[in-house]
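Remarks on the overall topology
In case you want the letters, here they are:
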Amino acid sequence: MRASASALMSARVLAPFSADAAEQETIDFTLTAAPFTFRPFPGIVYNGLAYNGDIPGPLIRVRHGQRLRARFLNRTGSLSTVHWHGMILPNSMDGVPYVTQEPVPNGGEYLYEFVPGPPGSRWYHSHVGEQLFQGLFGMIVIDDPRDEPADLDVALVFHDVPKTSTIAAAMYGISTAPMVDPPGSPELLAMSPDDKMGDEAAYVAHCVNGACYPRTRPIAVRVGQKIRLRILNANPTQTRYIRLGGHTLRVTHSDGNSLPKPVDVEALRVGVAERYDAWFEVTKPGAWLLQGLSADPMAFEQAVVIHTPGMEHASPLGSPSTLEGVRFFTYELAGAADTVGTEPAAMRIDVRAAYVLGGGAWGSSHWTMNGKTWPHTQKIIVRRGDHVEVHFKNKTDMHHPMHLHGHVFELVAMNGRALRYPLPKDVTLVDPNGGTMTWRFAATSPSGRWVLHCHNDVHMMDGMMTEVRYR
Amino acid sequence: MPARRLTRYKMKVRFYVGGIAWIVTLLTTAALVPMSAHAASMYAHGDATSGAKLVQSSGCAGCHGSALHGGSVAPSLVGIEKRMSAAQIAKAIEDPKPPMPRFGFSEKQVADVVAYVSGLDGGSGKPIVRLNPANPAQEATVNVTFRDTPPQGAQIEATMQMGSMSHGTGWLPLHKTSDPHTLATKVHFSMGGPWMIHVKYAGKIMAVPISVSG
């Protein structure tokens, strides 16, 4: 099998498809997961895992309609799988161990073959244990011929190097990892002074596309260009706030799906596993810093320079690490939540499910849905064609990035307010301390078992997972 | 820009008087004293407490290291006022060399940051705050060293801001140590994250941002 040079890239600026790559019916490649020593910054040496010898794994790019055939070789030393996040695909290709497939043993292989879709910015990662923390993730872009062409199309993975000991401590609810959300963030506002943060992991380095600033590869742009940034937060536990010095960003896609109405913001809010496509126009020469905002003293590492010709050696314009007074992306803003009533539009609903998200007390290793942990959680049983509504109420003090496999749902209401423009997504942050959220979707995906879980991997491993099962 | 005027003026002075050392000395001394005084007066109005907050929210410690003692990317800022004039520090902030970014600070904000970083080692007559351990997890001894005899009734408070709400230790009395210039107390941090140590002494309050690793 031969990887197509245009379909599998280590560079993060998306080049136009070559005629050869665009005409192929099938993109064939091998994805090998193996131990990898990651050195994103002087003094940081992390013994992790990588796909094809790099963190993040290769940027995979396909034309909508092309078939993908990925031969997965597991050389990690333990069990592994590949989950194709945000895809509607045959259930046996979904990569959930013991649910959609037996995990691939060390030394074994598995053939993932499907037509990737829907189009947009999606990603792939291991669905086994702590392997997402360890580096088994990458981005996949499915070109949408309906999209407005960008002058420059850039894939940016924001990711972090974990402090290994804190992952297990977080799972047992006894971690003392620091609070690093920036001032003015909802995460910080949700905290109370006596909170002990027992369930957070700590990170020792913060990266963009495999490096820390100032080692990140700059992005060269020209005046007059329209730039499309495809941003993924691959951190397994923390929300990222991302800002480009001196620019507003026009957000057009959420989780790869076109927003009903683009929204202009000064900063992105990217929950765990979320993707946002954000555009800006270069109107003058300069150098600017695209950076993750956080209160972590090392947060500055998570930045990349964008510059015009001749400004390679200029000092880039940065942003303060605060959200106070900053218009940042929220679901309410994108969905115009303040303009309509409390109830989403009336429609036929065949299956309703309601979950109270709970657990996570200090010293507890349980995060629950209706008081139960996976595999004992209440399942959502559907027939093909059913209209399904899922409601969450979060009684914990942490945000939960709830994710549904194999579907794109609509976020129709949250915190007692309906969205005028429901947002098409595959993962949404449910607000803490009584926050609510309502999703709707049509059960039109291939039959099988589609897990629904918190994408904070500590919470998922501690039981916050259920499934949508087709009869 | 006072910094640029100063630089140009120095160059002119050196060009015209060439190698006549005593005239150079005479002229530069005569010329620089009023300029430095001008620059100093401009930055003397900086508010070190506001500067401390700006330093914390701008992520300076990311490159300049914990407590700004130097990192793998950028040098220590402690004692910077002995190496650079206030005008030079201001220029380094407003027109930095990469990889240091520009932050688009106002003149007032630059003055605040200059005031703060110029006092990190007590160079501006303020006490020096040191933590033991330097990178605390849950508790630390906060040592406050004064240039002269420590004032009576000095106190510290450690706070963490959570949006509009802050929590912290409340004011804690500082106790004498074996060093006659240093007072100290033990502080417990309820969680990791960005904290601020406030020192109240002789009717003044000074702020020092710190990072608690948790």
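Computed from a prediction, not measured in an experiment: that's the story for all the values here. Going along each chain's sequence as written, the residues are numbered from 1 onward. Going through the entries in the order they are written, you letter the chains from A and number the ligands from 1. Given that the model is predicted, a residue must reach a pLDDT of at least 70 before its local features are reported, and side-chain atom pairs must reach 80 or more before they are shown or counted; all residues, however, enter totals for whole chains, interfaces and linings.

**Side note on the overall build of chain B**
Here a strand is any run of E in DSSP of at least two residues, a helix any run of H or I of at least four, and the numbering for each starts at the N terminus. Tallying secondary structure elements over chain B gives seven helices and nine strands in all. Between the buried cut of 20 or more and the exposed cut of 12 or fewer other C-beta atoms within 10 Å of a residue's own C-beta lies the partly exposed class, and all C-beta atoms are placed from the backbone. When burial is assessed residue by residue, chain B has 37% of its 214 residues classed as buried. Once C-beta atoms have been placed from the backbone, residue pairs whose C-beta atoms lie within 7 Å are recorded as contacts. Partitioning the intrachain contacts of chain B with sequence separation of at least 6 by distance along the chain shows that 58% fall at a separation of at least 24.

**A look at the domain arrangement of chain A**
All names here are of chain A. How far each domain reaches was decided by an automatic or database domain assignment. Taken domain by domain, chain A comprises domain 1 (8–142), domain 2 (160–329) and domain 3 (338–470). Centre-to-centre, using C-alpha coordinates, domain 1 lies 23 Å away from domain 2. Taken together, the contact pairs 23 residues of domain 1 with 24 residues of domain 2. Of all the elements in the fold, those that place two or more residues in the side of domain 1 that touches domain 2 are β2 (26–41), β3 (44–51), β8 (120–125), α2 (131–134) and β9 (137–143). Nonpolar residues are Ala, Val, Leu, Ile, Met, Phe, Trp, Tyr, Cys and Pro. Charged residues are Asp, Glu, Lys and Arg, and all others, Gly as well, are polar. The residue makeup of the side of domain 1 that touches domain 2, split by class, is 15 nonpolar, four polar and four charged.

**Quick look at helix α7 (residues 107–117) of chain B**
Across the 11 residues of α7(B), eight count as buried, placing the element largely inside the fold. Taken together, the buried positions of α7(B) are occupied by B:Val110, B:Ala111, B:Asp112, B:Val113, B:Val114, B:Ala115, B:Tyr116 and B:Val117.

**Points about the confidence of the model for chain B**
All names here are of chain B. Averaged over all residues, the pLDDT of chain B equals 77, while 76% of them reach at least 70. A score between 0 and 100, pLDDT records how confident the predictor is in each residue. Within the model, pLDDT remains below 50 along residues 1–36, and this stretch shows 21 contacts once partners closer than five positions in the same chain are excluded. This prediction of the complex comes with two scores: 0.87 for pTM and 0.75 for ipTM.

**With respect to the pairing of strand β7 (residues 182–188) of chain B**
Both faces of the sheet carry side chains from a regular strand, because those side chains alternate between them. All names here are of chain B. When DSSP finds two or more bridges between a pair of strands, those strands are recorded as paired. The pairing of strand β2 (residues 139–145) with β7 spans seven bridges and is classified as antiparallel. When the sheet's bridge partners are listed, Val142 is paired in β7 with Thr185. Where strand β6 (residues 175–176) folds back onto β7 in an antiparallel hairpin, the turn is made up of five residues.

**Considerations on the interface of chain A and chain B**
If you look at the interface, chain A gives 37 residues, while chain B gives 33 residues. Classifying every residue of the side of chain A that touches chain B by side-chain character gives 24 nonpolar, nine polar and four charged.

**Remarks on the nonpolar core**
In this structure, A:Leu156, A:Ile231, A:Val251, A:Leu268, B:Val114 and B:Ile197 are the most contacted members of the largest nonpolar core, which totals 184 residues. Each residue touching B:Ile197, except ones within four places of it in the same chain, is listed here: B:Val129, B:Val142, B:Ile156, B:Ala158, B:Val208 and B:Ile210. Think of a nonpolar core as buried Ala, Val, Leu, Ile, Met, Phe, Trp, Tyr and Cys residues chained together by C-beta atoms that fall within 7 Å.

**Re the environment of A:Met369**
Residue and element names in this part refer to chain A. Along the chain, the position of Met369 falls in strand β22 (residues 367–369). Overall, Met369 belongs to the buried group, with 27 C-beta atoms counted inside 10 Å. In this structure the C-alpha to C-alpha distance between Met369 and Asp151, which are 218 residues apart in sequence, comes to 45 Å. When neighbours within four sequence positions are excluded, Met369 is seen to be in contact with Tyr355, Leu357, Thr377, Met464 and Thr466.

**What to know about the sheet that holds strand β13 (residues 226–233) of chain A**
Residues and elements named next belong to chain A. Strand order in the open sheet formed by six strands is β11-β10-β13-β18-β15-β16, and the pairing between neighbours is mixed. For this open sheet the edge positions go to β11 (203–208) and β16 (257–265), each flanked by a neighbour on one side alone. Sheet twist, expressed as the mean angle between neighbouring strand axes with direction ignored, is 20°. Note on definitions: angles span 0 to 180 degrees between N-to-C directions of axes, and those axes are lines fitted to C-alpha atoms, for helices only across the stretch in contact.

**Focus: the packing of helix α3 (residues 48–57) of chain B against α7(B)**
Residue and element names in this part refer to chain B. The geometry of α3 relative to α7 is characterised by a closest axis approach of 7 Å and an angle of 95° between their N-to-C directions. The angle between the axes of α3 and α7 places the two elements in the roughly perpendicular class. From α3, Ala48, Ser50, Gly51, Ala52, Leu54 and Val55 reach across to α7, where they touch Gln109, Asp112, Val113, Ala115 and Tyr116. Taken together, the residues of the contact of α3 with α7 sort by class into seven nonpolar, three polar and one charged. Here roughly perpendicular refers to angles of 65 to 115 degrees, roughly parallel to angles under 35, roughly antiparallel to angles over 145, and oblique to all remaining angles.

**Observations regarding the pairing of strand β17 (residues 267–270) of chain A**
Residue and element names in this part refer to chain A. Every second residue of β17 is oriented toward a common face, with Ala267 and Arg269 on one face and Leu268 and Val270 on the other, all of them buried. Of the strand pairs in this sheet, strand β14 (residues 240–244) and β17 are connected by four bridges, and their pairing is antiparallel. Note on β17: the bridge partner recorded for Arg240 is Val270.

**Considering the packing of helix α6 (residues 86–94) of chain B against α7(B)**
Residues and elements named next belong to chain B. Where α6 meets α7, the axes come as close as 10 Å, and the angle between the chain directions of the two elements is 120°. Here α6 is positioned oblique relative to α7, judged by the angle of their axes. α6 and α7 meet at a crossing whose hand is right-handed. Where α6 approaches α7, its residues Ala86, Ile89, Ala90, Ile93 and Glu94 are matched on the opposing element by Val110, Val113, Val114 and Val117. Tallied by class, the residues present in the contact of α6 with α7 amount to eight nonpolar, no polar and one charged. In a left-handed crossing the near helix is turned counterclockwise from the far helix by less than a right angle, and in a right-handed crossing that turn is clockwise.

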